[in-house]
Amino acid sequence: MTAHDRTINVTRRDVMIGALGLTFAFATTRLDIAKAAVTAREMTGKSISPWVSIAPDGSISIMSPATEMGQGSMTSLPRIIAEELDADWDKVRIVPAPPIDEVYGNPGFQGMLYTAGSNAVRSYYDPLRIFGAQVRRVLLDNAAKKLNVPVAELTTQPSVVVHAKSGRKLTYGEIAAFAEVPAKAPDIKPADLKKPSDFRLIGHDVMRVELPNKVNGSAQYAIDVQVPGMLYATVLRAPVEGGAPARIDDAAVKRIPGVIRTVKLDYGVGVLAQHPYAAIEARTALLNNVTWSRNGKAWGFDSDKAADEFAAAVRDPKAPSTIWDKRGDSTGQFAKASTIIEADYLNDYTYHAQMEPLNAVASVSPSGDSCEIWCGTQSQTMAQEAVAKVLNIPRKQVKLHDTLLGGGFGRRGHRDEEFIIDAVLMAKAAGKPVKVIWTREDDVHNGRMRPLSAHYLKAGLDKNGKIIAWHQRIAVDRVLPFADPVRYENAKGRDGIVMRGVEFLTYDLPDITTEQLYRDTGVRTSPLRGVGWTANIFAAEAFLDEIAAKRKIDPVALRLELLKDFPRGRAVVQRCAEMAEWGKKRDGRALGLAFVDYSNTPIAGIVEVSLDRSSGVIKVHNVWSAIDCGTAVHPDNVIAQTESSIVYGLGMSLSERITVKDGAIKQSNFFDYRVPRMSDIPEIKVELVRTENHPTGAGQMGTPMIGPAISNAVFALTGKRLRQSPMTPDRVKRALA
Amino acid sequence: MPVRFTVNAKAASSDLPPHTPLLWVIREELKLTGTKFGCGAGLCGACMVHIDGKRAFSCQTQLSDVQGRTVTTIEGLSANSSHPVQKAWLAERVPQCGYCQSGQIMSAAALLKDNPHPTREEIVAHMSTNICRCGTYPRIVRAIQRAAREA
């Protein structure tokens, strides 16, 4: 297609060593790394590498620090640099940044290389613009010197410096051949940056760089990696976190042709084999031939019983809790209320179901003092550190080859990166490189879930119906202490994953108290697309609909009333209502609305449903959504991500459910964990409400609004309220009975 | 005795046990890794290939089943991504993570071969064998309609 086709197969080393000409590296997170501005020649063999290099032939290499799991950051972040650099995009090639936190770390995650939370563009936007402008300034200064003209007389066109007065031009490649890079990065002021109206790249659609390789099979994921001499392995992990193999009968395994041997691990049993299917067969043969020690907390855990316990606790004011958030005086305001409304909601465990089952390739040196890993991870930092910790070696001894991810959704950003450790331990045991592949059954059974939660909400209304007090109690299985103990400690013991979306800062709710009932069931849990928002917004936005019904006012009017001080919120609600023709009567169908201000991205969604009362099946016919993520670097990609997060929300709301018995997950593959297929998909229309605000996230904002919108639509259709997600047919029938 | 068959117009053979799923033979032995492992149970379609011109789950096809037969994988669908389905896939910017897309494209190509102008309902019925967790379904529908139009 374009010059970008080759980028995916370019290794970092090619760029670091092969790029003749200019290189630049001004730090995004630490100014003391600004001295990282070096030329390629000087850089050869050194561990620092640049953001941008420009070769004499005019080709421009730009580093991309985010990992690519389909969300498009691999294209969007370099576009920001290229915009301010005024680069000719056709001459840009994109290279994954090496894992050097000090240079490439995500400002939104304390400088870690970590792609999550829909915050790559949001957090990198300002530094990358400044950085692109700095590179452009260096080129201008060099051109001024060469042409012997004042720099103020120079302008740029894509990849060309122009001196209009004399009609002379120098291409970026020509400048690269003679340019000198200053020791200190040029000072760029906000006024030096482009005006949005001058943007050529930001806000304009483009082919994502890795897309051409995704239609011909050449895109490489970790599972595709092959290393000479490599063996294959599977790992049968204890069904419950903390369990260990107590007794292994591997007689049947040994009879499978191609199996080399079993390897006892602290947490499971690995099988080394000559080819992958032998390893998979061996895993199946092991299933009923390993006895597990019942160490670990979750043994005996039953998710149905836990849901009952959680629900009872949130209803019981004496059940211990901690205050998560308290603003104003909700207690005093409740005393003044003329009407009190209460309700409760439940959310089940759900599973990521990224299409690429977890896997990794590793090779450990004979002495054990260095290691190479090939993996798809959301955090290059965590991947290297986890391996370094397990092998007790310095991080720099872990050579990382990170590949495209066959889906992430939060599953591949856990501090322990356990699926990579599987490969490291098996490679160490084998003395050879090993590819560990999880079967889909492993991926489900060892899954780390969106947690179980129960929600109690109470609102106080004054005599005019205005909400004057809000109180919520949320019992929810912990995530952050399990998924990332380091971040949990940094957050001073606040689990920001599960308690996201409870503050309603842009709703007119000044008197609000939120209590958390901390639960640690021992079940494996995880950040999952939509994180706490999905559960918390399911409860809150359905509850708002109950309030609207009680007041006998239109749900759109209630949202607009609550958004009185947030015009961007009102704009998306109003636009979405127009798209859906909100006031229009429909035969046998009804609409439901939800609004979310998701990490400063306001989004509204309306669903149109019908219902088969005999089977309890909800049919979603249409979804309309309006989203305002500020400056959209790549508008079509914002639309694509919103379509995607809507589909994800449909699955979580209607059919996806994980149950746990005796601590172990009962589901095992796509027949009993039902994710949306094409036949389940409504017409989806997404509109971008364009504003020039600082860019905010777009990767998951549609997910949380779908559940409450469906519950609200079913209420509009039947007068019955669905209070438990997913809204499966059996639950629908019970609600209608 | 090795199993002999044709893959992407080239002779291929494998000495792996005859019950080995074709998926693992083409991915790991023949190094055609565009065909993906997703579920191992014929539930997701990531492993879809063509056998004698018809689509098939390669995870549900034993090596011995393809003796003497002709297999086409995503790598062999066209030279230079020139198949109308591949071109439409890029025009509609379908892929996100991309992992399921080889299987989606192989399913779509098989559909259009038998039914060059499918209705929307026919597209949905045919393509519901293939899961896309990124939810690219609306764009897949558009891409198949475009490919039917432009082929």
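Residues numbered from 1 in each chain as written. Chains lettered and ligands numbered in written order. Predicted model: local features only at pLDDT ≥ 70, side-chain atom pairs only at ≥ 80, totals over all residues.

**Re the overall build of chain B**
Right, on to step 1. The helix and strand inventory of chain B stands at five helices and five strands.
Right, on to step 2. Secondary structure elements of chain B occur, N-terminal to C-terminal, as β-β-α-β-β-β-α-α-α-α.
Right, on to step 3. For chain B, whose C-alpha radius of gyration is 15 Å, the value lies close to the compact-globule estimate of 15 Å for 151 residues.
Right, on to step 4. Across the 151 residues in chain B, those meeting the buried criterion constitute 60%.
Right, on to step 5. Pairs at least 24 apart in sequence give 62% of the contacts found in chain B among residues at least 6 apart. (Helix = DSSP H or I, 4+ residues; strand = E, 2+ residues; numbered from the N terminus. Rg over C-alpha atoms; globule rule 2.2 N^0.38 Å. Buried ≥ 20, exposed ≤ 12 C-beta atoms within 10 Å, placed from the backbone. Contact = placed C-beta atoms within 7 Å.)

**Re the interface of chain B and chain A**
Right, on to step 1. In this complex, chain B contributes 45 residues to the contact, which on the side of chain A involves 46 residues.
Right, on to step 2. Taken together, the elements giving at least two residues each to the side of chain B that touches chain A come down to helix 1 (22-29), helix 2 (84-91), helix 3 (101-114), helix 4 (120-127) and helix 5 (137-150) of chain B.
Right, on to step 3. Looking at side-chain class alone, the side of chain B that touches chain A contains 25 nonpolar, 15 polar and five charged residues. (Nonpolar A, V, L, I, M, F, W, Y, C, P; charged D, E, K, R; others polar.)

**Let's talk about the domain arrangement of chain B**
Residues and elements named next belong to chain B.
Right, on to step 1. Under the domain assignment used here, chain B contains domain 1 (3-76) and domain 2 (79-150).
Right, on to step 2. Of note, the centres of domain 1 and domain 2, computed from C-alpha atoms alone, are 20 Å apart.
Right, on to step 3. Listed as interface residues are 14 residues of domain 1 and, on the opposing side, 11 residues of domain 2.
Right, on to step 4. Contributing elements (two or more residues each) for the side of domain 1 that touches domain 2: strand 3 (48-51) and strand 4 (54-57).
Right, on to step 5. Ranked by the residues each element gives to the side of domain 1 that touches domain 2, the list is headed by strand 3, at three residues.
Right, on to step 6. Considering only residue class, the side of domain 1 that touches domain 2 consists of six nonpolar, five polar and three charged. (Domains from an automatic or database assignment.)

**A look at the sheet that holds strand 5 (residues 70-72) of chain B**
All names here are of chain B.
Right, on to step 1. Pairing is mixed in the open sheet, where five strands are placed in the order 2-1-5-3-4. If you trace the sheet from one side to the other, it starts and ends with strand 2 (10-14) and strand 4, each paired once. On average, each strand axis in the sheet is tilted by 40° relative to the strand beside it, whichever way the strands run.
Right, on to step 2. In the sheet, strand 1 (residues 3-7) pairs with strand 5 via two bridges, with the strands oriented parallel. Residue pairing for strand 5: Val7 is matched across the bridge by Val71. (Pairing = 2+ DSSP bridges. Axes fitted to C-alpha atoms, helices over the stretch in contact; angles between N-to-C directions.)

**Focus: the domain arrangement of chain A**
Residue and element names in this part refer to chain A.
Right, on to step 1. Looking at chain A, the domain boundaries give domain 1 (3-214), domain 2 (222-296 + 358-437) and domain 3 (303-350 + 449-736).
Right, on to step 2. Using C-alpha coordinates to define each centre, domain 2 is positioned 37 Å away from domain 3.
Right, on to step 3. The interface of domain 2 with domain 3 comprises 10 residues on the first partner and 12 residues on the second.

**With respect to unusual backbone geometry**
Right, on to step 1. Residue Pro726 of chain A is reached from Ser725 of chain A by a cis peptide bond, and omega for that bond is 0°.
Right, on to step 2. Mapped onto the elements, Pro726 of chain A comes out in the loop between strand 28 (724-725) and helix 21 (729-736).
Right, on to step 3. With a phi close to 50°, Phe504 of chain A is a non-glycine residue in the positive phi region.
Right, on to step 4. Phe504 of chain A sits in the buried class, given 21 other C-beta atoms within 10 Å.
Right, on to step 5. Within the chain, Asp52 of chain B stands out as a residue other than glycine whose phi angle is a positive 50°.
Right, on to step 6. Along the chain, the position of Asp52 of chain B falls in the loop between strand 3 and strand 4.

**Remarks on the environment of Val215 of chain A**
Right, on to step 1. Within the secondary structure layout, Val215 of chain A lies in the loop between helix 6 (172-178) and strand 8 (231-237).
Right, on to step 2. Accessibility expressed as a C-beta count within 10 Å gives 28 for Val215 of chain A, which makes it buried.
Right, on to step 3. Sequence separation of Val215 of chain A and Met652 of chain A is 437 residues, and the distance between their C-alpha atoms is 28 Å.
Right, on to step 4. When sequence neighbours within four positions are dropped, the list of residues in contact with Val215 of chain A reads Ser81, Gln86, Trp89, Leu90, Pro95, Gln101 and Ile105 of chain B.

**Points about the packing of helix 19 (residues 635-654) of chain A against helix 20 (residues 703-718) of chain A**
Pairs of packed helices are described in terms of their axes, by the angle between the two and the distance that separates them.
Residue and element names in this part refer to chain A.
Right, on to step 1. Between helix 19 and helix 20, the least distance of the axes is 7 Å, while the angle of their chain directions is 45°. For the element pair helix 19 / helix 20, the angle class is oblique. In the packing of helix 19 onto helix 20, the handedness of the crossing is right-handed. Two secondary-structure elements touch here, helix 19 through Ser645, Ile646, Tyr648, Gly649, Leu650, Met652 and Ser653 and helix 20 through Thr703, Pro704, Met705, Ile706, Gly707 and Ile710.
Right, on to step 2. Here the contact of helix 19 with helix 20 is composed, by residue class, of eight nonpolar, five polar and no charged. (Parallel < 35°, antiparallel > 145°, perpendicular 65-115°, else oblique. Left-handed = near helix turned anticlockwise from the far one by under 90°.)

**Structural notes on the environment of Glu608 of chain A**
Residues and elements named next belong to chain A.
Right, on to step 1. Of note, Glu608 is situated in strand 23 (residues 601-612).
Right, on to step 2. With 13 residues separating them along the chain, Glu608 and His621 place their C-alpha atoms 5.5 Å apart.
Right, on to step 3. Discounting residues that sit within four places of it in the chain, Glu608 has contacts with Arg586, Arg589, Leu591, His621, Asn622 and Ala713.

**Some points on the sheet that holds strand 5 (residues 154-157) of chain A**
Residue and element names in this part refer to chain A.
Right, on to step 1. The antiparallel open sheet is built from three strands, whose spatial order is 5-6-7. The outermost strands of the open sheet, each flanked by one partner alone, are strand 5 and strand 7 (168-171). Adjacent strand axes in the sheet meet at a mean angle of 25° when their direction is disregarded.
Right, on to step 2. Both strand 5 and strand 6 (residues 160-163) contribute to a ladder of four bridges, which runs antiparallel. Across the sheet, residue Thr155 finds its bridge partner in strand 6, namely Val162.

**Thoughts on helix 3 of chain B**
All names here are of chain B.
Right, on to step 1. When the terminal C-alpha atoms of helix 3 are compared, their 20 Å separation across 14 residues agrees well with the 20 Å that a helix rising 1.5 Å per residue should span.
Right, on to step 2. Within helix 3, 12 of the 14 residues are buried, leaving the element largely enclosed by the surrounding structure.
Right, on to step 3. Residues of helix 3 that are buried include every one of Gln101, Ser102, Gly103, Gln104, Ile105, Met106, Ser107, Ala108, Ala109, Ala110, Leu111 and Leu112, and no others. (Expected span 1.5 Å × (residues − 1).)

**Some points on the confidence of the model for chain B**
Right, on to step 1. Of all residues in chain B, 100% have pLDDT values of 70 or greater, and the mean over the chain is 98.
Right, on to step 2. Here the prediction assigns the complex a pTM of 0.95, and the interface score ipTM is 0.99. (pLDDT = per-residue confidence, 0-100.)

**Some details on the pairing of strand 15 (residues 359-364) of chain A**
All names here are of chain A.
Right, on to step 1. Judged by how many residues are buried, strand 15 sits mostly within the fold: six of six residues are covered.
Right, on to step 2. A two-sided burial pattern is seen for strand 15, the buried positions comprising Asn359, Val361 and Ser363 on one face and Ala360, Ala362 and Val364 on the other.
Right, on to step 3. For strand 15 and strand 18 (residues 434-437), the ladder comprises four bridges, and the chain directions are antiparallel. Bridging across to strand 18, Ala362 finds its partner in Val434.
Right, on to step 4. When strand 15 meets strand 16 (residues 371-375), the two strands line up antiparallel, connected through four bridges. Directly across from Val364, in strand 16, lies its bridge partner Cys371.

**Observations regarding the nonpolar core**
Residues and elements named next belong to chain A.
Right, on to step 1. In terms of nonpolar packing, the biggest core is built from 281 residues, with Ala233, Ala360, Ile373, Ile420, Ala423 and Val424 touching the most fellow members.
Right, on to step 2. Looking at which element gives the most residues to this core, the answer is helix 5 (residues 120-147), with 13 residues.
Right, on to step 3. When near neighbours in sequence (up to four residues on either side) are disregarded, Ala360 contacts Ala222, Ile373, Trp374, Cys375, Phe419, Ile420, Asp422, Ala423 and Val436. (Core = buried A, V, L, I, M, F, W, Y, C linked by C-beta atoms within 7 Å.)

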